[in-house]
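Topology and contacts: notes
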Amino acid sequence: MKKRTQSASEEKILKGIGVSPGIVIGKVALLERERTTFIPRKIIAGQVSSEIRRFEEAIETSKKQLEEIKQRVFAKGFRQYSYILDVHLRVMEDRMLHGETITMIREKLVNTEWALKATLDKISEAFDAIEDEYLKERKEDIRHVVERIQNNLMGEGLGTIEDLEEETIVVAHDLSPADTIQLNLQKVIGIATDVGGKTSHTAIVSRSLEIPAVVGLAEVTSYVTGGETIIIDGGEGIVIVAPSPATKKTYQLKQRHYRYLERELLKYSTLRAETQDGHYLTLQANIEILEEIPSVIQYGAEGIGLYRTEYLYLNRKTIPDEEEHFQLYKRLVEEIAPYSATIRTIDLGGDKFASHIELAEQMNPAMGLRAIRFCLMEQDIFKAQLRGILRASAYGQVKILLPMISGVEELREVKAIWDDAKDELASRGVEFKDDIPLGVMIEIPSAAITADILAREVDFFSIGTNDLIQYSLAIDRTNQYVSYLYEPLHPAIVRHIKGVVDCAHKAGIEVGICGEMAADPLYTLIFLGLGLDELSMHPMAIPRIKKVLRRSTRTDGEHLLKEVLQFSTARETEYFIRKEMAERFPEDFIQCME
Ligand code: PEP
Ligand code: MG
């Protein structure tokens, strides 16, 4: 039990790592793992049948579990207690539980977890009205049954937040990417967690969903119990619990100012990402779910540079089949037309786990069975995705991107599977484009060092700086204790990027960056100098990058790069670049005080 050192009414300022900008003021919803909680999530009409299927599968799994427990109870000679399990099994068959939940999914278009919770509430109310004590107690049986179904629905997921109020700020020890992706966007306006780093996937998802977030606060959960007012300043990495009226007022003003700046920046979204001397960069968006496409368009991205398809595998018990992949990617390419969508094949593992895919417990998941390694082992799962991508290519512009390639041998293995997938479709007479550009992520040092070899066998490179930094500097990107070592401007990283760009261009292929560095305007001129062709980032970052490009020249970038390549440490480089950018853009950058 953690010691709460603060009285509820005392203002407490905490400093963490700001991972998603914006200022919000709201009430705390404290997520404690011990308690099962639920978040309502809207679904679209096309998802109704798959939600109902999830519900029915969860019931089947629950029944199987109960039967197994019953066998064990019998085997141990505790026959007399098995009637409780029989009651539970009968509740599983209950028409009201089934019917109400399914009707709610269909009519209210909500996720199964929430529909089931609402049904339970309704049944509980009915039981509360009954006078009979015995019958009243049966309510508990139903609650237990529902809890079991919920657990099976969620796999290892978080569950959700009960009685979520408007303007809620979720405070938790940790949130997995799977948890974050299912937050109710209408209600959750901010996130604060004890653990986490800047490029953890939870941070990335919160940025994509435009939810201001601060992670790595060490013990924010110790200072709240739920319901208190809290301020999140995602830009500065500050969280204020129980703010005084004066502090609240200050932040309300700051919030207004921030929103004004955002609106001003939005003006750049419709302009070209072109320098004053006519050099043009393609700015694209990173997305995790298709619901982000409207904001991709709003912020002026020219296509999707990275679609992280692994999110399709989270928060569910079944593995998507070819048809599901196809339908989703078809929608993606149609909605993003006339631009292209770069679909990255599954990157599960690391800090992203699917509850239904058994990955052996690994000492070090970031270096374990992750991404392409998993796909090469589970070729049926991989091929279903490849066939889905191929089929979608008949409806728009698709590119395919392979994560975690460590060398050319893995690439060749994938190409053989890719050819098999094509043959399978051709023999079924299914239409697809035969010339889909195939690229690799450069995110493992071995790939960066052998970029010249890889460049001969692919159509494009996309540099994943999040992992490239993690693996080059040997720091866990999700660990707040080593986040101070996460140095994008470390000479090793700058040299890696330079080497990769040079190899790509020598081979005549395009190269972009899709890691979080691409979204930070501090680095834009360096990338311009390095000659990157493309930058892909969370949509909201695009106008800011356009602003920097439109007010600079390619020569500015080349001059800055020359200087940057002279420095021996990230600190020196950052000091230099911050000073330069603050002079060029005084309203956007603050100088380092050294
Ligand atoms: C990266 O590693 O930079 C990247 C873009 O991929 P992810 O963040 O999904 O690992
Ligand atoms: Mg990566």
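This write-up is about the structure you can find in this document. A quick note: this is a predicted structure, and the numbers were derived from the prediction, not measured.

The subject of this paragraph is the coordination of the magnesium ion (ligand 2). For the magnesium ion (ligand 2), the full set of protein donor atoms is E443 (OE) and D467 (OD), at a range of 2.0 to 2.1 Å. Of this pair, E443 sits in the loop between β13 (438-442) and α14 (445-449) while D467 is found in helix α16 (residues 465-473), placing the two residues 24 residues apart along the sequence. Accessibility assignment for this pair places E443 and D467 in one class, buried.

Attention now goes to the environment of S208. Its place among the elements puts S208 in helix α7 (residues 201-208). Classification of S208 by relative accessible area gives buried; the value is 4%. Residue contacts for S208: discarding those within four places in its chain leaves N286, E288, E292 and H538.

Glancing now at the site of ligand 1. Near ligand 1 lie 17 residues; those nearest to it are R308, R344, G464, N466 and R477. Note that an oxygen atom of ligand 1 is positioned 3.2 Å from one of the side-chain N or O atoms of R370. G464 places a polar main-chain atom, nitrogen or oxygen, 3.4 Å from an oxygen atom of ligand 1. Here the shell around ligand 1 takes three residues from α16, the largest share from any one element. Its residues placed into classes, the shell around ligand 1 shows four nonpolar, five polar and eight charged.

When you tally the buried positions in strand β7 (residues 229-233), you get five out of five residues, the bulk of the element. Burial of the side chains of β7 extends over both faces: T229, I231 and D233 are buried on one face and I230 and I232 on the other. Of the pairings in the sheet, the one linking strand β3 (residues 23-31) to β7 comprises five bridges and is antiparallel in character. Counted as the bridge partner of K27 is T229 from β7. Sheet topology places β7 next to strand β8 (residues 238-241); four bridges connect them, and they run antiparallel. Counted as the bridge partner of I230 is V241 from β8. Hairpin connection between β7 and β8: a loop of four residues separates the two successive antiparallel strands, and G237 in this loop has a positive phi of roughly 75°.

With that settled, the discussion passes to helix α4 (residues 112-128). An ideal rise of 1.5 Å per residue puts 24 Å on 17 residues; α4 measures up with 24 Å between its terminal C-alpha atoms. Every buried residue belonging to α4 is among T112, E113, W114, A115, L116, K117, T119, L120, I123, S124 and F127, and all of these are buried.

Most of β13 sits out of view: five of its five residues are buried. Residues L438, V440 and I442 line one face of β13 and the alternating positions G439 and M441 line the opposite face, and both faces are buried. As paired strands, strand β12 (residues 397-402) and β13 are joined by three bridges and run parallel to one another. By the bridge assignment for β13, I400 is matched with L438. In terms of handedness, the path from β12 via helix α13 (residues 408-428) over to β13 forms a crossover that is right-handed. Summarising the sheet, β13 and strand β14 (residues 460-463) pair through four bridges and their orientation is parallel.

Turning our attention to the sheet that holds β3. Pairing is mixed across the open sheet formed by eight strands, whose spatial order is β1-β8-β7-β3-β4-β5-β6-β2. Edge strands, defined here as strands with exactly one partner in the open sheet, are β1 (12-15) and β2 (17-20). Across the sheet, the axes of successive neighbouring strands diverge by a mean angle of 30°, strand direction being ignored. Across the sheet, α7 is in contact with β2, β5 (188-193) and β6 (213-215); its angle to β2 comes to roughly 50°.

Moving on to the packing of aromatic side chains. Any pair of aromatic rings gets described here by the distance separating the centres and the angle formed by the planes. All told, the structure shown has five aromatic pairs when counted by the stated rule. Directly above the aromatic system of Y395 lies the positively charged group of K330, at a separation of 4.9 Å from the ring centroid. Over the ring of F460 we find K399, and its NZ or CZ is 5.4 Å from the ring centre.

Here we take up the pattern of salt bridges. A full pass over the atoms with the stated rule returns 38 salt bridges. Across the pair K122 and E100 runs a salt bridge whose closest N-O atoms are separated by 2.9 Å. Separated by 22 residues along the polypeptide, K122 in helix α4 and E100 in helix α3 (residues 95-108) bring together distant segments of the chain. For E100, a relative accessible area of 27% puts it in the partly exposed group. In this structure, R428 engages E322 in a salt bridge whose closest nitrogen and oxygen atoms are separated by 2.8 Å. Of this pair, R428 sits in helix α13 while E322 sits in helix α10 (residues 322-336), placing them 106 residues apart in sequence. Among the residues examined, R428 registers a relative accessible area of 46% and is labelled partly exposed. Of the residues examined, E322 reaches a relative accessible area of 9% and is grouped as buried. Salt bridges linked by common partners bring E322, E323, K383, R387, R391, D420, E424 and R428 together as one network.

Thresholds, definitions, all that
Residues numbered from 1 in each chain as written. Chains lettered and ligands numbered in written order. Predicted model: local features only at pLDDT ≥ 70, side-chain atom pairs only at ≥ 80, totals over all residues. Heavy atoms only, no water. Donors = N, O, S within 2.8 Å, 3.2 Å for Na, K, Ca; no water. Helix = DSSP H or I, 4+ residues; strand = E, 2+ residues; numbered from the N terminus. Buried < 20%, exposed > 50% of the residue type's maximum accessible area, 1.4 Å probe, protein only. Contact = heavy atoms within 4.5 Å. Near = heavy atom within 4 Å. Polar contact = N/O pair within 3.5 Å; in protein donor to acceptor, adjacent residues only side chain to side chain. Nonpolar A, V, L, I, M, F, W, Y, C, P; charged D, E, K, R; others polar. Pairing = 2+ DSSP bridges. Expected span 1.5 Å × (residues − 1). Right-handed = clockwise from strand over helix to strand, strands pointing away. Axes fitted to C-alpha atoms, helices over the stretch in contact; angles between N-to-C directions. Phe/Tyr/Trp six-rings, centres within 6.5 Å; stacked < 30°, edge-to-face > 60°. Lys NZ or Arg CZ within 6 Å of the ring centre and 35° of its normal. Salt bridge = Lys/Arg side-chain N within 4 Å of Asp/Glu carboxyl O.

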